Amino acid sequence: MNDSSPARPAAVLDVWCELQCPDCGSALADLRALRARYGDRLELRLRHFPLEKHQHAFAAAQAAEEAAEQGQAWPYVEAVLGRVAELDREGEPFLVEVARELGLDAEEFDTALIDGRHILIVDADQAEGKAIGVTGTPTYVIGGERLDGGKSQEGLRERIEEIADRLLAEQEA
């Protein structure tokens, strides 16, 4: 029986990201290209790895989780990463403003940042990242292979595509 809508994607790409990281911002083009190429056959999972050197990164990770809860994780992530300098300058008020611009419940964002309801998710991601050797962002994990984009994005999308193609081929075989 051939069901054309699989219950889960054939391949998963964990994207260890930090929303105050300029390198993560420059990785957006690659992520968009991967989404365009694979659609729902490749699940892009946002994983949080806020770095201590960026004072608003932990709040931004929590805000991204609130955006996910409101069904807009990637549009929110892309909007924030596209304006890292504003996040640097304005901090948490900027995170709430982006939510408002995207038509999300900005009051709920404000409350989530105050009550810390998403802290455990962010902490768990960070702990898992450290456990598997993530040291900077962006870092990608696909098919059990870790690819570090913190130093250079050069050739990473091609490598991700090679692995994704292999995983998809194995699934179809």
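Report on the accompanying structure. Not measured: the values here are computed from a predicted model. (Residues numbered from 1 in each chain as written. Predicted model: local features only at pLDDT ≥ 70, side-chain atom pairs only at ≥ 80, totals over all residues. Heavy atoms only, no water.)

Judged by pairing direction, the sheet is mixed, and its 4 strands sit side by side in the order β2-β1-β3-β4 without closing on themselves. Whereas interior strands pair on both sides, the edge strands pair on one side only; in this sheet they are β2 (42-48) and β4 (145-148). Averaged over all neighbouring strand pairs, the angle between strand axes comes to 20°, with direction disregarded. Looking at chain direction, strand β1 (residues 11-17) and β2 are connected through 7 bridges and run parallel. Each bridged residue has a counterpart across the sheet, and for Val 15 the counterpart in β2 is Leu 46. Helix-sheet contacts for helix α2 (residues 28-38) involve β1, β2 and β3 (139-142), and the interaxial angle to β2 is about 150°. (Pairing = 2+ DSSP bridges. Helix = DSSP H or I, 4+ residues; strand = E, 2+ residues; numbered from the N terminus. Axes fitted to C-alpha atoms, helices over the stretch in contact; angles between N-to-C directions. Contact = heavy atoms within 4.5 Å.)

Orientation of helix α3 (residues 57-69) relative to helix α7 (residues 106-115), taken along the N-to-C sense of each, is 135°, at an axis distance of 10 Å. Relative to α7, the element α3 lies oblique. Regarding α3 and α7, the two cross each other, and that crossing is right-handed. Within the contact between the two elements, α3 uses Ala 59, Gln 62, Ala 63, Glu 66 and Ala 67 and α7 uses Glu 108, Phe 109, Ala 112 and Leu 113. (Parallel < 35°, antiparallel > 145°, perpendicular 65-115°, else oblique. Left-handed = near helix turned anticlockwise from the far one by under 90°.)

The side chains of a regular strand alternate between both faces of the sheet. Across 4 bridges, β3 lies against β4 in antiparallel orientation. Considered in β4, the bridge of Val 141 is made with Arg 146. Here β3 folds back onto β4 in antiparallel fashion, the turn holding 2 residues, of which Gly 143 has a positive phi close to 55°.

Time to look at unusual backbone geometry. For residues other than glycine, phi is negative in most cases, and the peptide bonds are mostly trans. Look at the link from Thr 137 to Pro 138: it is a cis peptide, with omega at -5°. Secondary-structure assignment places Pro 138 in the loop between α8 (119-131) and β3.

Taking 1.5 Å of rise per residue, 17 residues should cover 24 Å, and helix α9 (residues 156-172) covers 24 Å from first to last C-alpha, within 8% of that figure. All of the buried residues along α9 are Leu 156, Ile 160, Glu 161, Ile 163, Ala 164, Leu 167 and Leu 168. Looking at the buried side of α9, the elements it contacts are β1, α2, β3 and β4. (Expected span 1.5 Å × (residues − 1). Buried < 20%, exposed > 50% of the residue type's maximum accessible area, 1.4 Å probe, protein only.)

Moving on, we come to empty space enclosed by the protein. All told, the structure shown has 1 cavity of 30 Å³ or more when counted by the stated rule. Looking at the largest cavity, its volume works out to about 40 Å³. In this structure, the largest cavity is lined by Val 15, Cys 17, Cys 24, Ala 27, Leu 28, Leu 31, Trp 74, Leu 81, Pro 138 and Tyr 140. At the level of secondary structure, the elements contributing two or more residues to the lining of the largest cavity comprise β1, α2 and α4 (73-81). Grouping the constituent residues of the lining of the largest cavity by class yields 10 nonpolar, no polar and no charged. (1 Å grid on protein atoms, 1.4 Å probe; cavity = no way out; pocket = protein on both sides within 12 Å on 5 of 7 lines; lining within 4 Å. Points joined across faces, edges and corners; volume = space filled by probe spheres on them. Nonpolar A, V, L, I, M, F, W, Y, C, P; charged D, E, K, R; others polar.)

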